[in-house]
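Take a look at the letters that make up each chain.
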Amino acid sequence: MVIRQIVNRAGARMADLRSPDPSIRTLTNEDAPALLALIARNPVQHAFVQQQLDVVGGKIDVLPGARILGRFDDAGVMVAACWLGANVVPVTADEGEQAREHGEAFGRRVLTSRKRFASIFGPKAGVEGIWDVVKTSPAFYPRSVRLTQPFMTLEGPAVIEGSGRVRQGYVSDFDAFWPASVAMFTEELGYSPLDVGEASYRTRVKQLLACGQALLEPGAVGTTVRFKAELGVVTGQATQIQGVWMHPDHRGIGLSASRVADVVAHAHTWAPVTSLYVNDYNHAARAVYEKVGFQTTGMFATVLL
């Protein structure tokens, strides 16, 4: 595949990383069909960007607080894209070195942005390409770099029985759900949302409860929930489970798998494929997901900024 003005990896270190790349431009409404076709080549891994487009009816020009870059070959065919919102998310049908090269090209464009981003995440090769470039700037000092995250999917029901104890959460559950959300966030990211961005995180949790994408097992009356999870991404093709958390008093006694099976059952009322991604070193969580029936079908990476 020929890309206009490709800068090879060796030359990139000596070239001006901020120089414009004519193969990349900001997408408009007219590019929506090509972008959707690119996403459709792997709709499960690219469900996050699909969800954002669904919210605005595919109208790229009216995305709130975000834009999407596209990369085109010499024939004018879109070969990759990159979401630039609160996060940076690459989209490419290619894998390996080609996807990584697309990522590097987007990374050079990201360097020209004055916007601060919360993270870079998505398919591993694209994220690594972006990160290889932007890490040269002190503006992209990372909180955490997680370059190997198995992307796991499950088509159909869980292979084990659920507990029947996990139900949909509602806004009225917020007071019990919120402490668990804060605990999960702190354990996963290493800092508390109460210290950084509490208002926006509260809004996000309430939105998930309001739209039926928060799941919970109640605890004792007046206490935090025993178990929680969210369908953080929902499209017509796939859901993505996020924010899985079990109360510390109930860990290590074999309860998690049946609760995740409950979440899968709920997820399948939204879409046929359930997905998630997990840190490679979290062996306990990976074992739970495999027990439920998830299989590794790809690899993600995340850089928290």
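Nothing here was measured: the structure is a model prediction, and the numbers come from that model.

A. The packing of aromatic side chains, seen in detail. Applying the stated criterion across every chain yields a total of 10 aromatic pairs. On the numbers, 6.5 Å between centres and 20 degrees between planes, the contact of Phe117 with Phe140 is stacked. With Phe117 in the loop between helix 4 (96-110) and strand 5 (119-123) and Phe140 in the loop between helix 5 (124-134) and strand 6 (144-155), this residue pair connects regions lying 23 residues apart in the sequence. Here Phe117 and Phe140 have matching classes, each one buried. A centroid spacing of 5.5 Å and a plane angle of 45 degrees characterise the contact between Trp178 and Tyr201, whose relative ring orientation is tilted. Placement of the pair is Trp178 in helix 6 (residues 174-189) and Tyr201 in helix 7 (residues 198-210), with a sequence separation of 23 residues. Classification of Trp178 as buried rests on a relative accessible area of 9%. Residue Tyr201 is classed as buried on the basis of its relative accessible area, which comes to 12%. Its end group placed over the ring of Tyr191, Arg143 keeps NZ or CZ at 4.0 Å from the ring centre.

B. The arrangement of the packing of helix 4 against helix 5 in detail. Direction vectors running N to C along helix 4 and helix 5 enclose 40 degrees, while the axes themselves pass 6 Å from each other. Between helix 4 and helix 5, the angle falls in the class oblique. Taken as a pair, helix 4 and helix 5 cross one another with a handedness that is right-handed. Contact residues: helix 4 offers Gly96, Ala99, Arg100, Gly103, Glu104, Phe106, Gly107, Arg108 and Val110, while helix 5 offers Ala125, Gly126, Glu128, Gly129, Ile130, Asp132, Val133 and Val134. A breakdown of the residues in the contact of helix 4 with helix 5 according to their chemical character gives seven nonpolar, five polar and five charged.

C. Quick look at the pattern of salt bridges. Applying the stated criterion to the full structure yields 14 salt bridges. Across the pair Lys124 and Glu128 runs a salt bridge whose closest N-O atoms are separated by 2.9 Å. Of the two residues, Lys124 and Glu128 both sit in helix 5, four residues apart, roughly one turn of that helix. Note that Asp132 and Lys135 form a salt bridge whose closest N and O atoms lie 3.6 Å from each other. Bridged by salt links that share partners, the residues Arg100, Lys124, Glu128, Asp132 and Lys135 form one connected network.

D. Highlighting the sheet that holds strand 7 (residues 167-168). An order of 1-2-3-4-5-12-6-11-10-9-8-7 is seen for the 12 strands of this open sheet, with the pairing classed as mixed. Of all strands in the sheet, those with a lone pairing partner are strand 1 (24-26) and strand 7, marking the two edges. The sheet contact formed by strand 2 (residues 67-72) and strand 3 (residues 78-84) spans six bridges and is antiparallel. Looking at the pairing, Phe72 lines up with Met78 of strand 3. Across the sheet, helix 2 (residues 32-40) is in contact with strand 2, strand 3 and strand 4 (87-92); its angle to strand 3 comes to roughly 95 degrees. With respect to the sheet, helix 4 is in contact with strand 1, strand 2, strand 3 and strand 4, its orientation differing from that of strand 2 by roughly 130 degrees.

E. Quick look at the pairing of strand 3. Where burial is concerned, most of strand 3 is hidden: seven out of the seven residues are buried. Joining the antiparallel neighbours strand 2 and strand 3 is a turn of five residues, in which Gly76 adopts a positive phi near 80 degrees. Two strands pair when backbone bridges link them, and strand 3 and strand 4 are joined in this way by five bridges, in the antiparallel orientation. If you follow Ala81 over to strand 4, its bridge partner there is Val91. Here strand 3 folds back onto strand 4 in antiparallel fashion, the turn holding two residues.

F. Highlighting the pairing of strand 4. Of all six residues that make up strand 4, six are buried, and the element is covered over most of its length. Side chains of strand 4 alternate between two faces, with Asn87, Val89 and Val91 and Val88, Pro90 and Thr92 buried alike. Here strand 4 pairs with strand 5 via two bridges, running parallel. Counted as the bridge partner of Val88 is Ile120 from strand 5. You can see the chain leave strand 4, run along helix 4 and come back into strand 5, and the turn it takes is right-handed.

Conventions adopted
- Residues numbered from 1 in each chain as written.
- Predicted model: local features only at pLDDT ≥ 70, side-chain atom pairs only at ≥ 80, totals over all residues.
- Heavy atoms only, no water.
- Phe/Tyr/Trp six-rings, centres within 6.5 Å; stacked < 30°, edge-to-face > 60°.
- Helix = DSSP H or I, 4+ residues; strand = E, 2+ residues; numbered from the N terminus.
- Buried < 20%, exposed > 50% of the residue type's maximum accessible area, 1.4 Å probe, protein only.
- Lys NZ or Arg CZ within 6 Å of the ring centre and 35° of its normal.
- Axes fitted to C-alpha atoms, helices over the stretch in contact; angles between N-to-C directions.
- Parallel < 35°, antiparallel > 145°, perpendicular 65-115°, else oblique.
- Left-handed = near helix turned anticlockwise from the far one by under 90°.
- Contact = heavy atoms within 4.5 Å.
- Nonpolar A, V, L, I, M, F, W, Y, C, P; charged D, E, K, R; others polar.
- Salt bridge = Lys/Arg side-chain N within 4 Å of Asp/Glu carboxyl O.
- Pairing = 2+ DSSP bridges.
- Right-handed = clockwise from strand over helix to strand, strands pointing away.

Keep in mind that these numbers describe shape and distance, not what the molecule does.
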